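So the chains spell out like this:
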Amino acid sequence: MSRPARVLGRPDSEDEDTRGMSAQQIYDMRQQKLDEQDNDLDQILASVRRQKEVGIAIGAETDDQLKLLGRLDGSVEREDARIKTTTDRVDKLMVESSTKCLWITICLLIVILVIVVALAIET
């Protein structure tokens, strides 16, 4: 339903809320509505301020966590390099020890062969 256009100098037509009310009563009612709106806006403002404080606290905590992660990342990289170096040394040692083990086995077999040949010749 559309309202008729307002004509300057002529008071608005009454609505159901203001019908039968004096000008002072209408003023008081509107002032009360404005006061309620002001209170609502104050509550919204307080809520927004709390949210801002929470956002700032979250940002500070995030910064702290990022610093800790940066330090941890540096430590992990250093330890990763140390582990790689140690793994390379172990691999090299395993190759060397298996080669040494083979040489020891060959030498023992040669000694056993010499003993067997010596025993075979004596008999």
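Look up a bit, the structure's there.
Not measured: the values here are computed from a predicted model.

How each quantity is defined
Residues numbered from 1 in each chain as written. Predicted model: local features only at pLDDT ≥ 70, side-chain atom pairs only at ≥ 80, totals over all residues. Heavy atoms only, no water. Helix = DSSP H or I, 4+ residues; strand = E, 2+ residues; numbered from the N terminus. Buried < 20%, exposed > 50% of the residue type's maximum accessible area, 1.4 Å probe, protein only. Areas by Shrake-Rupley, 256 points an atom, 1.4 Å probe, with all protein chains shown as cover. Patch = residues over 30% accessible without salt bridge, like charges linked within 9 Å, V, L, I, M, F, W, Y side chains within 5 Å. Salt bridge = Lys/Arg side-chain N within 4 Å of Asp/Glu carboxyl O. Lys, Arg positive; Asp, Glu negative; His and termini not counted. Charge placed at Lys NZ, Arg CZ, Asp CG, Glu CD.

A.B. asks: Quick one: what's the story with the overall build of the protein, residue by residue and with numbers?
C.D. replies: Secondary structure assignment for the protein yields one helix and zero strands. Residue burial in the protein is summarised as follows: out of 123 residues, 2% are buried. With an accessible surface of roughly 11,700 Å², the protein has 62% of that area assigned to carbon and sulfur atoms.

A.B. asks: Which residues make up a negative patch on the surface, and what values go with them?
C.D. replies: Taken together, the side chains of Asp35, Glu36, Asp38, Asp40 and Asp42 define an acidic patch exposed on the protein surface. Looking at where glutamate 36 falls in the secondary structure, it is placed in helix 1 (residues 23-122). With relative accessibility at 41%, the residue glutamate 36 sits in the partly exposed group.

A.B. asks: Can you explain the pattern of salt bridges? Please cite residues and give values.
C.D. replies: Following the criterion strictly, the structure yields two salt bridges and no others. When the shortest N-O distance is used, the salt bridge between arginine 82 and glutamate 79 registers 3.2 Å. Of this pair, arginine 82 and glutamate 79 both sit in helix 1, three residues apart, roughly one helical turn. The exposure class of glutamate 79 is partly exposed, given its relative accessible area of 39%. The shortest N-O distance in the salt bridge between lysine 84 and aspartate 88 comes to 3.5 Å. Highlighted residues: lysine 84 and aspartate 88, both in helix 1, separated by four residues, approximately one helical turn. Looking at lysine 84, the relative accessible area reads 53%, which means it is exposed. We classify aspartate 88 as partly exposed; its relative accessible area is 40%.

A.B. asks: I'd love a proper account of a nonpolar patch on the surface, names of residues and values included.
C.D. replies: On the surface, Ile104, Leu108, Leu109, Ile112 and Val116 cluster together into a nonpolar patch covering about 490 Å² of accessible area. Among the secondary structure elements, leucine 109 is positioned in helix 1.

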